[in-house]
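Chain by chain, the residues:
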Amino acid sequence: ICAEAGISPGHLYHYFENKEAIVGGIAELGMDQSIASLVQIMDASDAAQSLVQAMLAIREGSEGANRVLMMEIMAETGRSPVVAKIVSEHIQRLRGLIANFLRNAQEHGQIDSGLDPDLSAFVLISVTNSGKAFIGMDPGLDQARCKVQLANLLTGFLKTKPEC
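Residues numbered from 1 in each chain as written. Predicted model: local features only at pLDDT ≥ 70, side-chain atom pairs only at ≥ 80, totals over all residues. Heavy atoms only, no water.

**Considering the overall build of the protein chain**
When helices and strands are counted, the protein chain shows eight helices and zero strands. Sequence-ordered secondary structure for the protein chain, helices as α and strands as β, is α-α-α-α-α-α-α-α. Structurally, the protein chain occupies a C-alpha span of about 65 × 35 × 30 Å along its principal axes. Burial analysis of the protein chain (164 residues in total) assigns 33% to the buried set. A sequence separation of at least 24 residues applies to 68% of the contacts in the protein chain between residues at least 6 apart. (Helix = DSSP H or I, 4+ residues; strand = E, 2+ residues; numbered from the N terminus. Buried < 20%, exposed > 50% of the residue type's maximum accessible area, 1.4 Å probe, protein only. Contact = heavy atoms within 4.5 Å.)

Quick look at the structure:
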């Protein structure tokens, strides 16, 4: 974090009381970005594709740094109950936002009406986060093609199914 921000650890702790406060700040920033993305795509004509693209979006130039930071935070959840609680609360809030988005899209016939929005939100977050975490671990993989495949998987999961 300090290297990315170009500051010393002492300077970082001028802004944050402890490690948990840093993780809380990161979670809040992530939540703010998630809310902004979901609000931006609420009225999209293709809700499934828009949601998948928003979930797979990564800030330009920060993909590797984000991946390492997120893996460090997830590892910290096993060591710190405080960090585990922050991450759990963040994921629950994100699941709620996505589930509400899915309900709205179902009402407009854009998402498979047979999906459970709450469970589907969990699946979407799980698959997206693990996919993004593992893309790039194998330098031989074509990351762009992996993202396309992941997007296809998620979009297919959400799309309305034709009636027989």
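Now that the structure has been shown, the text picks up again.
**Observations regarding the packing of helix 4 (residues 47-56) against helix 6 (residues 81-107)**
Think of two packed helices as two axes; the pair is described by the angle between the axes and how far apart they sit. With their axes 10 Å apart at the nearest point, helix 4 and helix 6 run at an angle of 160° to one another. When the axis of helix 4 is compared with that of helix 6, the two are roughly antiparallel. When you trace helix 4 past helix 6, the crossing you get is right-handed. Of the residues in helix 6, those in contact with Ala 47, Leu 51 and Met 55 of helix 4 are Ile 98, Phe 101, Leu 102 and Ala 105. When grouped by side-chain class, the residues that make up the contact of helix 4 with helix 6 number seven nonpolar, no polar and no charged. (Axes fitted to C-alpha atoms, helices over the stretch in contact; angles between N-to-C directions. Parallel < 35°, antiparallel > 145°, perpendicular 65-115°, else oblique. Left-handed = near helix turned anticlockwise from the far one by under 90°. Nonpolar A, V, L, I, M, F, W, Y, C, P; charged D, E, K, R; others polar.)

**Describing the environment of Arg 93**
Within the secondary structure layout, Arg 93 lies in helix 6. Separated by 68 residues in the primary sequence, Arg 93 and Gly 25 have C-alpha atoms spaced 15 Å apart. The contacts of Arg 93, once residues within four sequence positions are left out, are Glu 28, Met 31 and Ile 35.

**Some points on the nonpolar core**
Residues Leu 51, Ile 98, Phe 101, Leu 102, Ile 111, Leu 124 and Leu 158 are the most contacted members of the largest nonpolar core, which totals 25 residues. Listing elements by their share of this core, those giving two or more residues are helix 3 (19-41), helix 4, helix 6, helix 7 (117-134) and helix 8 (143-158). Core analysis: the second largest hydrophobic core is formed by six residues, Val 23, Ile 73, Ile 86 and Val 87 among them. (Core = buried A, V, L, I, M, F, W, Y, C linked by side-chain atoms within 4.5 Å.)

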